Amino acid sequence: AQSVTQLDSQVPVFEEAPVELRCNYSSSVSVYLFWYVQYPNQGLQLLLKYLSGSTLVESINGFEAEFNKSQTSFHLRKPSVHISDTAEYFCAVSEGRDDKIIFGKGTRLHILP
Amino acid sequence: NAGVTQTPKFQVLKTGQSMTLQCAQDMNHEYMSWYRQDPGMGLRLIHYSVGAGITDQGEVPNGYNVSRSTTEDFPLRLLSAAPSQTSVYFCASSATGGVSPLHFGNGTRLTVT
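What comes next is a walk through the structure. The structure displayed is predicted, hence computed values, not measured ones. (Residues numbered from 1 in each chain as written. Chains lettered and ligands numbered in written order. Predicted model: local features only at pLDDT ≥ 70, side-chain atom pairs only at ≥ 80, totals over all residues. Heavy atoms only, no water.)

## Observations regarding the state of the cysteines
So, point 1. One pass over the full model with this rule turns up two disulfides over all chains.
So, point 2. Put simply, C23(A) and C91(A) are joined by a disulfide, and their sulfur atoms are 2.0 Å apart. Here the S-S torsion is close to -65 degrees, and the disulfide linking C23(A) with C91(A) is therefore left-handed. Of this pair, C23(A) sits in the loop between β3 (19–21) and β4 (24–26) while C91(A) sits in strand β10 (residues 87–94); the two residues are 68 residues apart in sequence, bridging distant segments of the chain.
So, point 3. Given the relative accessible area of 0%, C23(A) is considered buried.
So, point 4. Here C23(B) pairs with C91(B) through a disulfide, and the sulfurs are 1.8 Å apart. On the sign convention where negative is left-handed, the bridge of C23(B) and C91(B), at about -70 degrees about the S-S bond, is left-handed. (Disulfide = S-S within 2.5 Å. Helix = DSSP H or I, 4+ residues; strand = E, 2+ residues; numbered from the N terminus. Buried < 20%, exposed > 50% of the residue type's maximum accessible area, 1.4 Å probe, protein only.)

Have a look at this one:
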């Protein structure tokens with residue numbers, strides 16, 4: 001069965017600095033990977049996804065993630081964060097169309113002024 | 001355009017009581033699922049369904065029952081509530097299971113005393 005590890009429970013970063021949120025997965029088959037974001041007091045929404053093709057995927061608000069099969073990783077990056085990026089970020093994995101979607105424990109991104 | 005609708009938003013139960021959390025989606029999605037969110041634990045999958053008449057267990061199914069008699073509805077039943085079931089519950093659906101983004105409801109905050 002698949003699993004997801006988000007090693008950092010909290011990441012503090014200064015405004016306009018770059019950030020990387022780490023995600024590693026475990027699976028014996030091909031995977032589909034997602035990042036979701038939960039802003040304070042809100043529900044979860046999709047940030048970006050990897051299904052196939054290019055290993056680098058981007059979101060509309062400047063985040064990107066790269067699928068690395070050899071390292072079983074799908075780290076999330078942003079070159080310059082804003083205060084509005086304050087949220088909790090969840091990595092998720094699935095093994096196929098009729099398969100469940102499993103989430104990591106989440107990483108809280110704290111933007112320092 | 002309702003999306004995923006969860007009711008109730010808040011609920012307080014006494015230990016041993018039973019209740020049903022309702023979830024409905026109007027997007028004709030095949031896949032529906034229930035997660036619980038607890039601090040530091042991320043989202044943990046309780047049960048999921050890949051279509052009407054089909055359900056399966058997730059990571060933490062004990063104490064919960066589900067059924068999927070229609071495409072639209074996926075209720076979650078707590079047969080005998082316990083304080084350990086105090087949590088925020090999210091229902092989510094996707095068009096084609098593990099290869100499509102999840103659409104989340106607004107959550108139900110459940111307290112068991």
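So that's the structure; there's more coming.
## Describing the environment of V88(B)
All names here are of chain B.
So, point 1. Here V88 shows up in strand β9 (residues 87–94).
So, point 2. Taking relative accessible area as the criterion, V88 reaches 15% and is therefore assigned buried.
So, point 3. Each C-alpha atom of the pair V88 and I54 lies 24 Å from the other, and the pair is 34 residues apart in sequence.
So, point 4. Once residues lying within four places of it in the same chain are set aside, the contact partners of V88 are Y35, R36, Q37, T108 and R109. (Contact = heavy atoms within 4.5 Å.)

## Structural notes on the layout of surface pockets
So, point 1. Reported here for the largest pocket is a volume of approximately 830 Å³.
So, point 2. Residue lining of the largest pocket: 34 residues in total, with Q38(A), E88(A), R108(A), Q37(B) and R109(B) positioned closest to the centre.
So, point 3. Contributions of two or more residues to the lining of the largest pocket are made by β10 and β12 (107–112) of chain A together with β4 (31–38), β9 and β11 (108–112) of chain B.
So, point 4. Across the lining of the largest pocket, the residue classes break down as ten nonpolar, 17 polar and seven charged. (1 Å grid on protein atoms, 1.4 Å probe; cavity = no way out; pocket = protein on both sides within 12 Å on 5 of 7 lines; lining within 4 Å. Points joined across faces, edges and corners; volume = space filled by probe spheres on them. Nonpolar A, V, L, I, M, F, W, Y, C, P; charged D, E, K, R; others polar.)

## Comments concerning the interface of chain B and chain A
So, point 1. With 21 residues of chain B in contact, the opposing surface of chain A contributes 22 residues.
So, point 2. Interface area, chain B with chain A, both sides summed: about 1,800 Å², of which 62% is carbon and sulfur.
So, point 3. Contact with chain A buries surface across chain B, with L43(B), G98(B) and V99(B) losing the most and accounting together for 27% of the total.
So, point 4. Run the count over chain B and chain A and you get one salt bridge. (Buried area = accessible area lost by both parts, 1.4 Å probe. Salt bridge = Lys/Arg side-chain N within 4 Å of Asp/Glu carboxyl O.)

## Digging into the packing of aromatic side chains
Residues and elements named next belong to chain A.
So, point 1. The final tally for this structure, using the stated rule, is 13 aromatic pairs over all chains.
So, point 2. A ring pair is formed by Y36 and F103, whose centres lie 5.4 Å apart and whose planes are at 50 degrees; its orientation type is tilted. Residue Y36 is located in strand β5 (residues 32–38), and its partner F103 is located in strand β11 (residues 101–103); the two are separated by 67 residues in the primary sequence.
So, point 3. Classification of Y36 as buried rests on a relative accessible area of 0%. (Phe/Tyr/Trp six-rings, centres within 6.5 Å; stacked < 30°, edge-to-face > 60°.)

## What to know about the pairing of strand β5 (residues 42–51) of chain B
Residue and element names in this part refer to chain B.
So, point 1. Where burial is concerned, most of β5 is hidden: nine out of the ten residues are buried.
So, point 2. Two elements, β4 and β5, share seven bridges in a ladder whose sense is antiparallel. Counted as the bridge partner of Y35 is L45 from β5.
So, point 3. In sequence, β4 turns back onto β5 through a hairpin of three residues, with G40 there showing a positive phi of about 80 degrees.
So, point 4. The pairing of β5 with strand β6 (residues 54–57) spans three bridges and is antiparallel. Considered in β6, the bridge of H47 is made with Q57.
So, point 5. Connecting β5 to the next strand, β6, in antiparallel fashion are two residues, including G53 with a positive phi near 85 degrees. (Pairing = 2+ DSSP bridges.)

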